[in-house]
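Here's the letter readout for the chains.
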There are 2 protein chains.
Amino acid sequence: MDYESLIRSIPDWPKAGVVFKDITPVVGNPEALRASVSELADHFKDYGVTKVIGAEARGFIFGAPVACKLKAGFVPSRKPGKLPWKTISVTYDLEYGTDTLQIHQDAVGPDDVVLIVDDLMATGGTAYADALLAKKAGAKIAGFGFLMELDSLHGREKLTEEGLGEYEVFSLVHVTDGGEEG
Amino acid sequence: MDYESLIRSIPDWPKAGVVFKDITPVVGNPEALRASVSELADHFKDYGVTKVIGAEARGFIFGAPVACKLKAGFVPSRKPGKLPWKTISVTYDLEYGTDTLQIHQDAVGPDDVVLIVDDLMATGGTAYADALLAKKAGAKIAGFGFLMELDSLHGREKLTEEGLGEYEVFSLVHVTDGGEEG
């Protein structure tokens, strides 16, 4: 499916010089929503995925339906102060600054195989943090699935850097002109 | 399915006197996630739903998979400053204070039939705002679907109050002891 024609480029947002890739027309299109979720789930259907982690907030939009499709549970990773119970945390680098993500302590465990899903991989910081959260919880990692990857920011290299391991990274769309946090 | 046994009650969160209902164990459970999404979608399968609106951020977790299941598009409603393109806005009352939600101007139109989905209905303020956004965009409303409804806060009455109309309100779990914004 031609997802790229549905992605809207917004110049100078959220700040000057950044071309934001707006995925709301993709998820607003019934066929594109279903096709993208199916393609992401199908790619990882033989990995034994038990949990899908998606980062606040747009990661929920793809993560939850991919989890449904894989017959896995969905685990929201959230900014500090958002999850009400006991959490584990990871602080990570963004394209501009740092941020912290948390999951509940009982959300993922040593018996889990985790797929990390997000709408977009830019620098890979968010996905890397999700993977570290899964590792901290003792889980195995199946890989990473994205609607869109901003190739020029080399997030893929970050996700295979020393200490994390070699994992499958799968993106439905590769974009060369965008820049954004995450 | 017994969703209620999976919902975790957190006393005094986010503030003293509030019993927060944590739905992360429901979505983290593969069977409960799939069953709840299926039940919500099945209930509205004959309403001709073309778009599902879900409010930031937990509304995305149920809204996106319900949209997939109904072969509808998903429309995120978000806090100000989060959507990158032209928006329409509604300001609404919470249990404690007010808030504003926005959708993109082209997300919903006069040909759409909108289902509003969220994890939780408390006072009904968030769902009411989502409905007003759909109306402002000229769409028809199919109804409201929630995992959980806090009956003691009478949100259901707010959703049928004068000016909005009579719509189907469907919740999988009814809770009497919780209190929370939204």
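For the structure itself, look to the data block above.
Residues numbered from 1 in each chain as written. Chains lettered and ligands numbered in written order. Predicted model: local features only at pLDDT ≥ 70, side-chain atom pairs only at ≥ 80, totals over all residues. Heavy atoms only, no water.

Engineer: How should I be thinking about the relation of the copies chain A and chain B in this particular structure?
Structural biologist: One chain copy maps onto the other through a rotation about an axis and a shift parallel to that axis. With an RMSD of 0.0 Å, the operation that places chain A on chain B is a rotation of 180 degrees combined with a shift of 0.0 Å along the axis. Between the two chains, the operation in question is that of a two-fold axis. No C-alpha of chain A lies nearer the rotation axis than that of A:P65, which sits 2.2 Å from it. The overlap is high: 100% of the interface residues of chain A also sit at the interface in chain B, so the same surface is used on both sides. (Least-squares fit on C-alpha atoms with pLDDT ≥ 70 in both. Contact = heavy atoms within 4.5 Å.)

Engineer: Hey, could you run me through the sheet that holds strand 7 (residues 113-121) of chain A in this one?
Structural biologist: Two orientations exist for strands paired in a sheet by backbone hydrogen bonds: parallel and antiparallel. Residue and element names in this part refer to chain A. Here five strands make up an open sheet; going across it, the order is 4-3-7-8-9 and the pairing parallel. Looking at which strands have only one partner, the edges of the open sheet turn out to be strand 4 (73-77) and strand 9 (168-175). Here the strands of the sheet are splayed against their neighbours by 20 degrees on average, with no regard to which way each runs. With four bridges joining them, strand 3 (residues 51-55) and strand 7 adopt parallel strand pairing. Note on strand 7: the bridge partner recorded for I53 is I116. Relative to strand 9, helix 2 (residues 30-43) is tilted by about 150 degrees, and along the sheet it contacts strand 8 (140-150) and strand 9. (Pairing = 2+ DSSP bridges. Helix = DSSP H or I, 4+ residues; strand = E, 2+ residues; numbered from the N terminus. Axes fitted to C-alpha atoms, helices over the stretch in contact; angles between N-to-C directions.)

Engineer: How should I be thinking about the sheet that holds strand 4 (residues 73-77) of chain B in this particular structure?
Structural biologist: Residues and elements named next belong to chain B. Taken in spatial order, the five strands make up an open sheet running 4-3-7-8-9, and their pairing is parallel. The two strands at the open ends of the sheet, each matched to only one other strand, are strand 4 and strand 9 (168-175). Neighbour-to-neighbour, the strand axes of the sheet open up by a mean angle of 20 degrees, direction not taken into account.

Engineer: Would you mind going over the packing of helix 2 of chain A against helix 3 (residues 58-69) of chain B with me for this structure?
Structural biologist: The contact between helix 2 of chain A and helix 3 of chain B brings their axes to 9 Å, and the two run at 105 degrees. Between helix 2 of chain A and helix 3 of chain B, the interaxial angle falls into the category roughly perpendicular. Within the contact between the two elements, helix 2 of chain A uses A:L33, A:R34 and A:V37 and helix 3 of chain B uses B:A64, B:A67, B:C68 and B:K69. Across the contact of helix 2 of chain A with helix 3 of chain B, the residue classes tally to five nonpolar, no polar and two charged. (Parallel < 35°, antiparallel > 145°, perpendicular 65-115°, else oblique. Nonpolar A, V, L, I, M, F, W, Y, C, P; charged D, E, K, R; others polar.)

Engineer: Could you clarify how one ought to interpret unusual backbone geometry in this entry?
Structural biologist: As a rule of thumb, non-glycine residues mostly have phi less than zero, and peptide bonds are mostly trans rather than cis. Residue and element names in this part refer to chain A. Between W13 and P14 the backbone carries a cis peptide bond, its omega angle lying at 5 degrees. Tracing the sequence through the fold places P14 in the loop between strand 1 (8-11) and strand 2 (19-22). A cis amide bond links E56 to the next residue, A57, at an omega of -10 degrees. Of note, the phi angle at D12 is positive, near 60 degrees, even though the residue is not glycine.

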